[in-house]
Amino acid sequence: MPQELIDTHCHIDFNIFDHDRDEILERCHQANITKIVVPSVEYSGWAKLAALNSSVVHFFKAFGLHPAFLNNHQDAHLDALDDLLNKDRPAALGEIGLDFYLKGLDKQRQNYLFVAQLKLAKKYQLPVILHVRKAHDQVLECLESNLIQGGIVHAFNGSLDHARRYNMLGFKLGIGGAVTWPQARKIRALAKDLPSNSIVLETDAPDMAVESLRSRSKDKNRPPRNSPEHLIEILDTLARIRKSTPEEIAIRSTENALSILNTNS
Ligand SMILES: [Zn+2]
């Protein structure tokens, strides 16, 4: 694979990769996955992410407060985020958003933290990495009244109309492991129809294992650990679904990702 690829969403900083992170990154390098966007989820993980380094893959780091970790966030973490962004401009702010799928997460509090972080994105002119579940209309409303320069909607699972509205607001849409699952009909239909200037690739590792890992896994209750080298399976599947070539998709998706991120980071 001669064309370089970017995994636009991968939690390679998580402890689950501590014992073999370097080997995985070496395999990414061999597959020409040259850059990885690593979003953070909560304050306690920022220092580890900030210190993360590799000699073979470039990390685009993003700092932010993830809605699913709501109960760990404090108002003081917003001030800490402001300080961090002021000192050193990362590739993006994230991941942030609204998760109305998970039970027991206060919607108002989610909304408050989301809008506060959109204001920081505006202040520091940074793109954002969005996590959105069962809340596309609410997120789009927030974005339409807090205009920022755009970003990436990770693991996009909305409608074509949502896609069009995100695109108008300067957002690219992340296509990940779900596209490789034969039963994921809605995502596969979307992946076929989205305009090619809006697609970026992601693994969401360690989550969202690709089909080849899932089908080999013995324990159906415990999903296998995904890892960024499986971006190639996502690329190949997408090429088949769109009746395109892996080279063409690689060129466009890499171009799309670089057009969004703060690449000076
Ligand atoms: Zn994530």
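Look up: the structure comes first, before these words.
None of the values given here were measured: they were computed from a predicted structure.

A. View of the pairing of strand β5 (residues 128-133). Burial analysis of β5 places five of its six residues in the buried class, the great majority of the element. Direction of pairing for strand β4 (residues 92-99) relative to β5: parallel, over a ladder of six bridges. Note that in β5 the partner of L98 across the bridge is V132. Once you follow β4 into helix α4 (residues 107-123) and on to β5, the crossover reads as right-handed. Handedness of the crossover joining β5 and strand β6 (residues 151-153) through helix α5 (residues 136-145): right-handed.

B. Fine view of the packing of aromatic side chains. Under the defined criterion, the tally for this structure stands at three aromatic pairs. Taking 6.0 Å as the distance between ring centres and 65 degrees as the angle between the ring planes, the aromatic pair formed by Y166 and F171 counts as edge-to-face. Y166 gets classed as buried once you look at its relative accessible area, which sits at 0%. Through a chain of ring-to-ring contacts, the aromatic side chains of F156, Y166 and F171 assemble into a single cluster. Note that K107 overlies the ring of F100, its terminal NZ or CZ placed 4.8 Å from the centroid. We note R214 situated over the ring of W181; from NZ or CZ to the ring centre the distance is 3.9 Å.

C. Local environment of the pairing of β4. The element β4 is largely enclosed, with a buried count of eight among its eight residues. Pairing analysis gives two bridges linking strand β3 (residues 58-63) to β4, with the strands arranged parallel. By the bridge assignment, A62 is partnered in β4 with A92.

D. The arrangement of unusual backbone geometry in detail. For the peptide bond that leads from G94 to E95, omega is 5 degrees, which places it in the cis range. The residue E95 is located in strand β4 in this model. Cis geometry is adopted by the peptide bond preceding P206, which originates at A205 and carries an omega value of 10 degrees. Here P206 is to be found in the loop between β8 (199-201) and α8 (211-216). Phi at A155 is positive, roughly 45 degrees, even though this residue is not glycine. Relative to the elements of secondary structure, A155 occurs in the loop between β6 and α6 (160-168). Taking the relative accessible area as the measure of exposure, A155 reaches 23% and is therefore partly exposed. The backbone phi angle of D204 is positive, close to 60 degrees, even though this residue is not glycine. One can find D204 in the loop between β8 and α8.

Rules and cut-offs
Residues numbered from 1 in each chain as written. Predicted model: local features only at pLDDT ≥ 70, side-chain atom pairs only at ≥ 80, totals over all residues. Heavy atoms only, no water. Buried < 20%, exposed > 50% of the residue type's maximum accessible area, 1.4 Å probe, protein only. Helix = DSSP H or I, 4+ residues; strand = E, 2+ residues; numbered from the N terminus. Pairing = 2+ DSSP bridges. Right-handed = clockwise from strand over helix to strand, strands pointing away. Phe/Tyr/Trp six-rings, centres within 6.5 Å; stacked < 30°, edge-to-face > 60°. Lys NZ or Arg CZ within 6 Å of the ring centre and 35° of its normal.

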